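Secondary and tertiary structure notes
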Amino acid sequence: MTKTLLQVALLFSTLSLSAFGGGKVVLPSMHQSAVGEYHWMDDEDFVNLFSISMAAPGPSMMVVTLVGLKACLPYGIPIAILGALVATLAMFVPSSFLVYFAGNWWDHWKESPWRHSVMDAILPISTGLILAATWIISKTSIHTVPTAIMGVVALSLMLFTKLNPVLMMGVAGVISWTFLK
Amino acid sequence: MAELAGLFLFIGLTSFGGGITAYIRRLVVSQKRWLTDEEFLPGLGLVQLLPGANVVGLAVYIGNHLKGPLGSAVALGSLLVCPFISTCALGFLYFHAGKTADTKALLAGITAAACGLMASMVFEAGEKAIKGAFDIFLIILTFALVRGTPSFELLNHKIPSIPHLSVPMVILIVAPLAVWWHRPRPKKELPEQIGEAKP
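Residues numbered from 1 in each chain as written. Chains lettered and ligands numbered in written order. Predicted model: local features only at pLDDT ≥ 70, side-chain atom pairs only at ≥ 80, totals over all residues. Heavy atoms only, no water.

1. With respect to the overall build of chain A
Let me state the cut-off plainly: The helix and strand labels rest on DSSP assignments: H or I over at least four residues marks a helix, E over at least two residues marks a strand, and numbering proceeds from the N terminus. Residue burial is assigned from relative accessible area. The probe radius is 1.4 Å, only protein chains are included, and a residue is buried under 20% of its type maximum, exposed over 50%, and partly exposed in between.
Counting secondary structure elements, chain A contains 8 helices and 0 strands. Starting at the N terminus, the α and β elements of chain A follow one another as α-α-α-α-α-α-α-α. Summarising its shape, the C-alpha atoms of chain A cover approximately 60 × 45 × 25 Å along the three principal directions. Here chain A holds 181 residues, and 56% of them are scored as buried.

2. Overview of the domain arrangement of chain B
Accessible area lost during the coming together of the parts is what is often quoted as the interface size. Here is the rule we go by: An automatic or database domain assignment is the source of the domain bounds shown.
Per the domain assignment, the segments of chain B are domain 1 (1–97) and domain 2 (130–184). The straight-line distance from the C-alpha centre of domain 1 of chain B to that of domain 2 of chain B is 34 Å.

3. Considering the packing of aromatic side chains
Residues and elements named next belong to chain B. Note the threshold: Centres within 6.5 Å make a pair out of two Phe, Tyr or Trp rings, where for Trp the six-membered ring is used; the pair is then stacked when the planes are under 30 degrees apart, edge-to-face when over 60, and tilted otherwise.
All told, the structure shown has 8 aromatic pairs over all chains when counted by the stated rule. Taking the centre distance of 5.5 Å and the plane angle of 45° together, the rings of Phe 134 and Phe 137 count as tilted. Of this pair, Phe 134 and Phe 137 are both found in helix H6 (residues 133–147), 3 residues apart, which corresponds to roughly one turn of the helix. Note on Phe 137: relative accessible area 40%, which makes it partly exposed. Seen from their ring centres, Phe 134 and Trp 181 are 4.2 Å apart, and the 20° between their planes marks the pair as stacked. In this pair, Phe 134 sits in helix H6 while Trp 181 sits in helix H7 (residues 167–181), placing the two residues 47 residues apart along the sequence. The class of Phe 134 is buried, set by a relative accessible area of 18%. Residue classification places Trp 181 among the partly exposed residues on the basis of a relative accessible area of 30%. Here a set of aromatic residues connected by ring pairs shows up, and it is made of Phe 134, Phe 137, Trp 180 and Trp 181.

4. Focus: the interface of chain A and chain B
Here is the rule we go by: The contact rule is simple, with two residues in contact once any of their heavy atoms fall within 4.5 Å. Accessible area, probed at 1.4 Å, shrinks when two parts are joined; the buried area is that loss added up over both. Salt bridges are defined as contacts in which a side-chain nitrogen from Lys or Arg sits within 4 Å of a carboxyl oxygen from Asp or Glu. Pairing of N or O atoms within 3.5 Å defines a polar contact, subject to two protein rules: one partner must be a possible hydrogen donor and the other a possible acceptor, and residues neighboring in sequence count only if both atoms are side-chain atoms. Amino acids are sorted into nonpolar (Ala, Val, Leu, Ile, Met, Phe, Trp, Tyr, Cys and Pro), charged (Asp, Glu, Lys and Arg) and polar (every other residue, Gly among them).
If you look at the interface, chain A gives 102 residues, while chain B gives 82 residues. Taking both sides of the interface into account, the surface hidden between chain A and chain B amounts to around 8100 Å²; carbon and sulfur atoms contribute 79%. Taken together, the connections running from chain A to chain B amount to 1 salt bridge. Taken together, chain A and chain B are joined by 10 residue pairs in polar contact (both at pLDDT 80 or more). Sorting the residues of the side of chain A that touches chain B by element identifies helix H1 (2–16), helix H2 (27–37), helix H3 (43–55), helix H4 (63–72), helix H5 (77–109), helix H6 (114–141), helix H7 (145–160) and helix H8 (165–179) of chain A as the ones contributing at least two each. Taken together, the residues of the side of chain A that touches chain B sort by class into 65 nonpolar, 27 polar and 10 charged.

5. A few points about the side chain of His 31 of chain A
Residues and elements named next belong to chain A. Mapped onto the elements, His 31 comes out in helix H2. In this structure His 31 comes out as buried when scored by relative accessible area, which is 14%. When sequence neighbours within four positions are dropped, the list of residues in contact with His 31 reads Gly 36, Asp 43, Phe 46 and Ile 136.

6. Section: the domain arrangement of chain A
Residue and element names in this part refer to chain A. You can read the domains of chain A as domain 1 (2–141) and domain 2 (143–181). The centre of domain 1, based on its C-alpha atoms, is set 25 Å off from the matching centre of domain 2. At the junction of the two partners, domain 1 supplies 4 residues and domain 2 supplies 4 residues. Contact between domain 1 and domain 2 buries roughly 330 Å² in total, counting both sides, with carbon and sulfur atoms accounting for 59%. For the domain 1 face of the interface with domain 2, the top three residues by lost area are Met 54, Ala 55 and Ser 141, together amounting to 78%. Taken together, the connections running from domain 1 to domain 2 amount to 0 salt bridges. Joining domain 1 to domain 2, the criterion identifies 0 residue pairs in polar contact (both at pLDDT 80 or more).

Right, here's the structure in full:
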């Protein structure tokens, strides 16, 4: 139990400091560790937890809460909640410290031309990582023609309309529950 | 302080997915007038540059700006408490229900839509990221290193496969290359700009 909690804490605090461009970029690593390395869950659970976290309120990376919860679920519900708490704090506290301390000398650095260099350098990397995250989620969840169609329709809706993504996911869930059950 | 906590409780409850930095700006700068744009925008630039979710970083930045370190902690805690409780509740509901035909069908639709949402984020990020062919190369390189590559033959040489690497490792490899490529370079001076050189 302690070992699992430590693994959760270590994994997410490392990922916290690597999440350049938001939490979703570390999804590939989270998947590698939670499914491949520690066997906390299978692919299907991982993807389902990710979708649940996307449809729930909060910052984009609440999936860490659910991964921590599932990792510690074998030890009972109180420990599962503790695991969820440890995962959430490990994911959000280290990066917050960084923002806090960096904020204090940010002004000195504001005029440096390197600021734009770093920004321009981070963007393609985070794009590649989000692409990898999309790949992992799609590989597990899109395996029939109807789900592929729904994915493409969802993509077009997000790109070309201002539809609320949570509303869209809810409607997609109801459609698939009605027709694909 | 209570107002600060209240605002971030509200943001935590009403924020879904991404794209809510504009929403925070409207609340904090336009409505509450706690910060001016001159104070808010550098903070936004900072949190976009540093790792972590932008919303979380902004909560820390705004909290610190208004009430110091305690303000940061209060803003962060208020932002996360409601999402934490609701996410845990949904998680227990999921594991309690188990993989029945109902949950499978419901989640199949939600995950398919989530894939579409993620794919749209790739397009949005790519649009900002791609300034030249080298950026496309960086995107593919990052993707390949995270996913791992199969071995293949190239001009009768067997190229060994690359195992997948963790995200921190990939960043350590690709970031120096990317920063070097985007390093500050003297702009080609156009004739009319020569006169405006540094004093």
